Amino acid sequence: MSALTVVAPGPLTTVQDLGRPGLAGIGVGRSGVCDRASAALANRLVGNEPGAAVLEATFGGLVLQAEADLLVVTTGARCPGSGVHDAPGLLRAGSTLALGAPPAGLRTYLAVRGGIAVEPVLGSRSTDLLAGLGPPALRPGDVLPVGAPTGEVPGVDVAPVPDPPGEEVTVRLLPGPRGDWLTSSALDVLGSAAWTVTAESNRVGLRLDGPRLERSVPDELPSEGLVRGALQVPPSGAPVLFLADAPVTGGYPVAGYVADDDVDRCGQLRPGQTLRLRR
């Protein structure tokens, strides 16, 4: 049987693919991988289709046993002990792969040739932690079926990509539909302050700590649509940057959007790192 058995799931490991686009009208968010660029690279390196499901491990700790000879690779946050990071390798039947805690970055993607073939829900194998859709987070003893290969292996020995940064990260901030709900000085602060990622952050979004952002409009806002990358400012004045498991609507003003490519980089930020939002 082509499968992987979960020996230990680490702090949080989920099955993810490209998510469930186009269902916001019925209240279903997209979900999917937090760092799409790293997941896409992993699938390319083992010859999978772009939408093949991978494992997203948060802060390492994942231990897997192969039930057959499998071609695997990890990308994203580099974990000690992997041995296959950015470089596909053969995991022999009966052997294990153990991911240590990464020194930088937060999320590591493990792709296996053929993809993780759990049953899809609404067209996707992604785990949506906010909506409770898709397979549950991995548990010890879970057996993950592996699909049949569909493409050619590209023959790349090592992908020359940088590891996620462990220090301050700067991303592009685009105007939002409710930027005028903040004072002009608050908008200046938003685009100049160093924001600290708090421990309350997760796949839904990053809670940022820094100067309090003052509103120019004190009114309540009817619920409006939200997407990945939206920067919402609740009454506390501490912004929230939404990631993969973002809700489809929200009732606080969206002051801006992080540029789409940069949201991948935000998905690798860990608590205590600083983020700058350049307007």
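Procedures and definitions
Residues numbered from 1 in each chain as written. Predicted model: local features only at pLDDT ≥ 70, side-chain atom pairs only at ≥ 80, totals over all residues. Heavy atoms only, no water. Helix = DSSP H or I, 4+ residues; strand = E, 2+ residues; numbered from the N terminus. Rg over C-alpha atoms; globule rule 2.2 N^0.38 Å. Buried < 20%, exposed > 50% of the residue type's maximum accessible area, 1.4 Å probe, protein only. Pairing = 2+ DSSP bridges. Axes fitted to C-alpha atoms, helices over the stretch in contact; angles between N-to-C directions. Salt bridge = Lys/Arg side-chain N within 4 Å of Asp/Glu carboxyl O. Contact = heavy atoms within 4.5 Å. Domains from an automatic or database assignment. Buried area = accessible area lost by both parts, 1.4 Å probe. Polar contact = N/O pair within 3.5 Å; in protein donor to acceptor, adjacent residues only side chain to side chain. Nonpolar A, V, L, I, M, F, W, Y, C, P; charged D, E, K, R; others polar. Core = buried A, V, L, I, M, F, W, Y, C linked by side-chain atoms within 4.5 Å. UniProt positions renumbered as here; feature names shortened; annotations may be inferred. pLDDT = per-residue confidence, 0-100. Lys, Arg positive; Asp, Glu negative; His and termini not counted.

Points about the overall build of the protein
1) Next: Helix and strand counts for the protein stand at 3 helices and 18 strands.
2) Next: Taken against the 2.2 N^0.38 rule, which gives 19 Å for 279 residues, the C-alpha radius of gyration of the protein at 19 Å falls within 12% of a compact globule.
3) Next: If one aligns the C-alpha atoms of the protein with their principal axes, the spans along those axes are about 60 × 40 × 30 Å.
4) Next: Per-residue burial for the protein yields a buried fraction of 51% across its 279 residues.

Here's the deal with the sheet that holds strand S9 (residues 143–145)
To summarise the sheet geometry, strands pair through backbone hydrogen bonds and adopt either a parallel or an antiparallel arrangement.
1) Next: Within the open sheet, the 4 strands sit side by side as S7-S4-S1-S9. Their pairing is antiparallel. Each edge of the open sheet is held by one strand with a lone partner, namely strand S7 (96–98) and S9. Taking each pair of neighbouring strands and ignoring which way they run, the sheet shows an average axis angle of 25°.
2) Next: For strand S4 (residues 62–66) and S7, the ladder comprises 3 bridges, and the chain directions are antiparallel. Within S7, the position partnered with Leu 64 by the bridge is Leu 97.

Brief notes about the pattern of salt bridges
1) Next: One pass over the full model with this rule turns up 17 salt bridges.
2) Next: For the salt bridge of Arg 78 with Asp 86, the shortest nitrogen-to-oxygen distance reads 3.9 Å.
3) Next: Residues Arg 178 and Glu 224 are paired through a salt bridge, measuring 2.4 Å at the closest nitrogen-oxygen approach. With a gap of 46 residues between them, Arg 178 in the loop between strand S10 (169–175) and helix H2 (184–190) and Glu 224 in strand S13 (residues 224–225) connect regions that are remote in the sequence.
4) Next: Relative accessible area serves as the criterion here: at 25%, Glu 224 is assigned to the partly exposed category.
5) Next: Within this structure, Arg 36, Arg 228, Asp 260 and Asp 264 form a network of salt bridges that share partners.

With respect to the sheet that holds strand S3 (residues 54–58)
1) Next: Reading across the sheet, the 5 strands line up as S2-S3-S8-S5-S6 and stay open at both edges, with antiparallel pairing between neighbours. Edge strands, defined here as strands with exactly one partner in the open sheet, are strand S2 (12–16) and strand S6 (89–91). Each strand of the sheet is rotated relative to its neighbour by a mean of 30°, with strand direction disregarded.
2) Next: Relative to S6, strand S5 (residues 70–76) runs antiparallel, the two being bridged by 3 bridges. When the sheet's bridge partners are listed, Leu 71 is paired in S6 with Leu 90.
3) Next: With respect to the sheet, helix H1 (residues 36–45) is in contact with S3, S5 and strand S8 (107–112), its orientation differing from that of S5 by roughly 155°.

Some points on the domain arrangement of the protein
1) Next: Each assigned domain of the protein is listed here: domain 1 (3–145) and domain 2 (168–277).
2) Next: Across the contact, 28 residues belong to domain 1 and 17 residues belong to domain 2.
3) Next: Note on domain 1 versus domain 2: buried area summed over both sides is about 1,600 Å², and carbon and sulfur give 45% of it.
4) Next: Joining domain 1 to domain 2, the criterion identifies 3 salt bridges.
5) Next: Linking domain 1 with domain 2 are 18 residue pairs in polar contact (both at pLDDT 80 or more).
6) Next: Every element with two or more residues in the side of domain 1 that touches domain 2 is listed here: H1 and S8.
7) Next: In terms of residue class, the side of domain 1 that touches domain 2 is built from 14 nonpolar, 9 polar and 5 charged.

Concerning the nonpolar core
One broad trend across soluble globular proteins is that nonpolar side chains are buried collectively.
1) Next: Ranked by internal contacts, the top residues of the largest apolar core, which has 37 residues, are Leu 190, Leu 206, Val 258, Cys 266, Leu 275 and Leu 277.
2) Next: Tallying contributions element by element places H1 first for this core, with 4 residues.
3) Next: Residue contributions to this core reach at least three from each of two domains, namely domain 1 (3–145) and domain 2 (168–277).
4) Next: Contacts of Leu 277, omitting those with residues within four sequence positions, involve Val 171, Leu 173, Leu 190, Gly 191, Ser 192, Trp 195, Leu 231 and Val 258.
5) Next: Among the nonpolar cores identified, the runner-up in size contains 23 residues, and Leu 55, Ala 57, Val 72 and Leu 97 belong to it.

Here's the deal with the UniProt feature "domain: Carboxyltransferase" (unreviewed entry) in the protein
1) Next: Per the UniProt entry, the sites bearing "domain: Carboxyltransferase" (unreviewed entry) are residues 25–279 in this numbering.
2) Next: Secondary structure content for residues 25–279 is 9% helix and 27% strand, and the end C-alpha separation is 30 Å.

Notes on the confidence of the model for the protein
1) Next: The predicted model of the protein has a mean per-residue pLDDT of 97, with 100% of residues at 70 or higher.
2) Next: Looking across the protein, the model is least confident in S13, with a mean pLDDT of 93, and most confident in S3, with 99.

Details of the side chain of Asp 128
1) Next: Summarising the element assignment, Asp 128 is placed in the loop between S8 and S9.
2) Next: Buried charge without a partner: Asp 128 forms no salt bridge, and the closest opposite charge is Arg 20, 4.9 Å away.
3) Next: A polar contact of 3.1 Å, which involves the side chain of Asp 128, links it to the backbone nitrogen of Leu 130.
4) Next: If sequence neighbours within four positions are ignored, Asp 128 has contacts with Arg 20, Gly 29, Ser 31, Leu 133 and Asp 245.

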